[in-house]
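Survey of secondary and tertiary structure
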Amino acid sequence: MRKLIAFAIILIISLLLPIPKAFSQVVSEPFEFKFENKTLKGLIEKPNNQKSKAIVIIIPGYGKTDFVEGNWYANLREKLVSYGLTVCFWDKMGCGNSDGEFDAQQPVENSAKEAIAAIQEIKRLKISGSEKIGLWGISRAGWIVPLINEQFPIDFWVSVSGTDDKENFGYLLKSNLIIEGKEEEEANKLYKAWKLGHKIFSTRGKYKDYVNATQPLRQDSMCQKLFGYTPKSKDNEEEDRKGYLQQQLQYTSKGHFDAKSGLWVYIDNFDKTLLKVNCPVLALFGANDSQVDWRKTKKLYEETIGVNPDSKLTVKVFENCNHTLKKCITCGWREDLSALKWQACDNYYETMKEWLKKNKIIE
């Protein structure tokens, strides 16, 4: 009897302990590489007891990252590894355990060079699956991935909520003002004020003219809450003016202002860059995306990638889903989705798996 009780206790304890790596489906290893004399750190995750078919590198969108400590994209990573793929990701400069200082205005060209440095390290280490390298990228990655492809031709691309050739903050501003309760007429008025300020900023206009143009945004409580617009005080005017000029110089160092649309083009001749993509592309969009005008991106992809038979473009739009392909209610960019348990769109993962199989990336 005592032996039976002792065995039961050992069994219970063993069930509570972490699963040993030998029995885990995922093998996780540190990954780091040098870029601009800084060490960027992340992870390599690969299937246990199985040779990887390919490597997928995750290219994030705008803003800081917390991949390692915050376990970002955990469900996506787990799914991709379960399909037989190795997944690679790292935190941007100044994020997580990566060296350096985070730059919110990092040019997309520089982000592409950063990813290429990672690819070169993957190749040097001969990581399992490195014979075939693809990219999974969201939002801002829609500019970065085609630039990577120009220098390092990729084997496949999963584009999530990708961008067209122009900036999209104006779309985000107007969409979310309406979601938060503004009448369309008032939202249009505020959008026009933003557009005028954006034109002044993008064409190297004066700080004072910019401030005057954006007064309606600074005086609107919703714009203050959602987008951080604040009334300007004379106490910090000189400091704000210097900051404006510095940001303006950095912002306008690449691309050009498109007078017809009134928007900034980040990559000149972006359509020609997309035409160079010669691998299978899966473009996924949320029908209720309030951050990127997916209809414009879809049209651009179809007119560029879609005319190239080697790209085998596949487009899928998910209903009732937001920018990050999560189920949503208002679909605003600040919506708390905890009530919906941050659920992915229906058939999101299944769509990726079927596409990977169809294109012989996995079996």
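Definitions and cut-offs
- By convention here, each chain's residues receive numbers from 1 onward along its written sequence.
- Local features in this predicted model are restricted to residues of pLDDT 70 or higher, and side-chain atom pairs are both shown and tallied only at a pLDDT of 80 or more, whereas totals for entire chains, interfaces and linings draw on every residue.
- Calculation of side-chain values draws on the structure's entire complement of heavy atoms; hydrogens and water are dropped beforehand.
- A run of H or I in DSSP counts as a helix once it spans at least four residues, and a run of E counts as a strand once it spans at least two, with each numbered from the N terminus.
- Based on C-alpha atoms, the radius of gyration is set beside the globule rule, defined as 2.2 Å times the residue count to the power 0.38.
- Each residue is assigned to one of three classes by its accessible area relative to the maximum for its type, calculated with a 1.4 Å probe on protein chains only: buried under 20%, partly exposed between the two thresholds, exposed over 50%.
- Any two residues whose heavy atoms approach within 4.5 Å are treated as being in contact.
- Note on terminology: pairs of cysteine sulfur atoms within 2.5 Å are recorded as disulfides.
- UniProt positions are given in the numbering used here, feature names are shortened, and annotations may be inferred rather than shown by experiment.
- Lines fitted to the C-alpha atoms define the axes, with helices restricted to the stretch that makes contact. Angles between their N-to-C directions range from 0 to 180 degrees.
- For classification purposes, an angle smaller than 35 degrees is called roughly parallel, one larger than 145 roughly antiparallel, one from 65 to 115 roughly perpendicular, and anything else oblique.
- Nonpolar residues are Ala, Val, Leu, Ile, Met, Phe, Trp, Tyr, Cys and Pro. Charged residues are Asp, Glu, Lys and Arg, and all others, Gly as well, are polar.
- The definitions used throughout rest on a 1 Å grid laid over the protein atoms alone, on which a cavity is an enclosed set of points accommodating a 1.4 Å probe that cannot get out and a pocket is an open set flanked by protein within 12 Å on both sides along at least five of seven lines; lining residues are those having an atom within 4 Å of a point.
- Grid points are joined across faces, edges and corners, and a volume is the space filled by probe spheres set on the points.
- For salt bridges, the criterion is a side-chain nitrogen of Lys or Arg within 4 Å of an Asp or Glu carboxyl oxygen.
- Residues belong to a common nonpolar core when they are buried Ala, Val, Leu, Ile, Met, Phe, Trp, Tyr or Cys residues joined through side-chain atoms within 4.5 Å.

The chain is annotated in an unreviewed UniProt entry as CocE/NonD family hydrolase of Aquimarina gracilis.

Section: the overall build of the chain
Counting secondary structure elements, the chain contains 14 helices and 10 strands. Rg of the C-alpha trace for the chain: 23 Å, near the compact-globule value of 21 Å for 363 residues, within the 12% margin. Each principal axis of the C-alpha atoms in the chain carries an extent, and together these give about 85 × 55 × 45 Å. Counting every position in the chain, which comprises 363 residues, the buried fraction comes to 49%. The long-range fraction of contacts in the chain, counting pairs at least 24 apart against all pairs at least 6 apart in sequence, stands at 68%.

Some thoughts on the state of the cysteines
A complete count under the given rule lists two disulfides for this structure. Two residues share a disulfide in this structure: Cys 321 and Cys 345, whose sulfurs sit 2.3 Å from each other. Residue Cys 321 is found in the loop between β10 (314-318) and α14 (348-358), and its partner Cys 345 is found in the loop between β10 and α14; the two are separated by 24 residues along the sequence. One exposure class covers both Cys 321 and Cys 345, and it is buried. Across a sulfur-sulfur distance of 1.9 Å, Cys 328 and Cys 331 are joined as a disulfide pair. Looking down the S-S bond of the Cys 328 and Cys 331 bridge, the torsion is 75 degrees, so its handedness is right-handed. Accessibility expressed as a relative area gives 12% for Cys 328, which makes it buried. Cys 88 supplies the cysteine sulfur nearest to Cys 95, a cysteine that is in no disulfide, at a spacing of 16 Å. For Cys 95, a relative accessible area of 3% puts it in the buried group. Among the cysteines around Cys 279, which has no disulfide bond, Cys 88 carries the closest sulfur, lying 18 Å off.

Considering the UniProt feature "domain: Xaa-Pro dipeptidyl-peptidase-like" (unreviewed entry) in the chain
UniProt records the feature "domain: Xaa-Pro dipeptidyl-peptidase-like" (unreviewed entry) for residues 54-306 in the present numbering. Here residues 54-306 runs as 48% helix and 13% strand, with 24 Å between its end C-alpha atoms.

Concerning the packing of helix α7 (residues 184-202) against helix α11 (residues 237-251)
Relative to each other, α7 and α11 sit at 80 degrees, their axes nearing to 9 Å. Here α11 runs roughly perpendicular to α7, going by the angle between their axes. The segment α7 lies against α11, with His 198, Ile 200, Phe 201 and Ser 202 engaging Tyr 244, Gln 247, Gln 248 and Tyr 251. Taken together, the residues that form the contact of α7 with α11 break down as four nonpolar, four polar and no charged.

What to know about the layout of surface pockets
Rolling a probe over the atoms, with the probe sized like a water molecule, indicates the empty space that remains. The space that makes up the second largest pocket amounts to roughly 380 Å³. Among the secondary structure elements, those contributing two or more residues to the lining of the second largest pocket are α6 (169-179) and α13 (294-303). Considering each element in turn, the lining of the second largest pocket owes the most residues, five residues, to α13. By residue class, the composition of the lining of the second largest pocket is five nonpolar, six polar and nine charged.

Some words on the pattern of salt bridges
Here the structure, examined in full by the defined rule, presents 11 salt bridges. For Lys 225, the salt bridge is made with Glu 180, and the minimal N-O distance between the two is 3.9 Å. A residue pair is termed long-range when its members are at least 10 positions apart, and Lys 225 in helix α10 (residues 221-227) and Glu 180 in the loop between α6 and α7 qualify at 45 residues. When its relative accessible area of 37% is taken as the criterion, Glu 180 is described as partly exposed. A salt bridge links Lys 327 to Asp 346; the nearest nitrogen and oxygen atoms lie 2.8 Å apart. Linking Lys 327 in the loop between β10 and α14 with Asp 346 in the loop between β10 and α14, this pair joins segments that are 19 residues apart in sequence.

Things to note about the environment of Leu 43
With respect to the helices, strands and loops of the structure, Leu 43 is situated in strand β2 (residues 38-47). Note: C-alpha distance between Leu 43 and Val 87 (44 residues apart in sequence) is 8.2 Å. Not counting chain neighbours up to four residues away, the residues in contact with Leu 43 comprise Ser 28, Glu 29, Pro 30, Phe 31, Val 68, Val 87, Cys 88 and Phe 89.

Some thoughts on the nonpolar core
One finds Phe 31, Ile 57, Ile 59, Trp 90, Ile 148 and Trp 157 to be the most contacted residues of the largest nonpolar core, which totals 43 residues. Looking at this core, the element that brings in the most residues is helix α4 (residues 108-125), giving eight residues. Counting 31 residues, the second largest nonpolar core, distinct from the first, contains Ala 54, Phe 156, Cys 345 and Trp 355.

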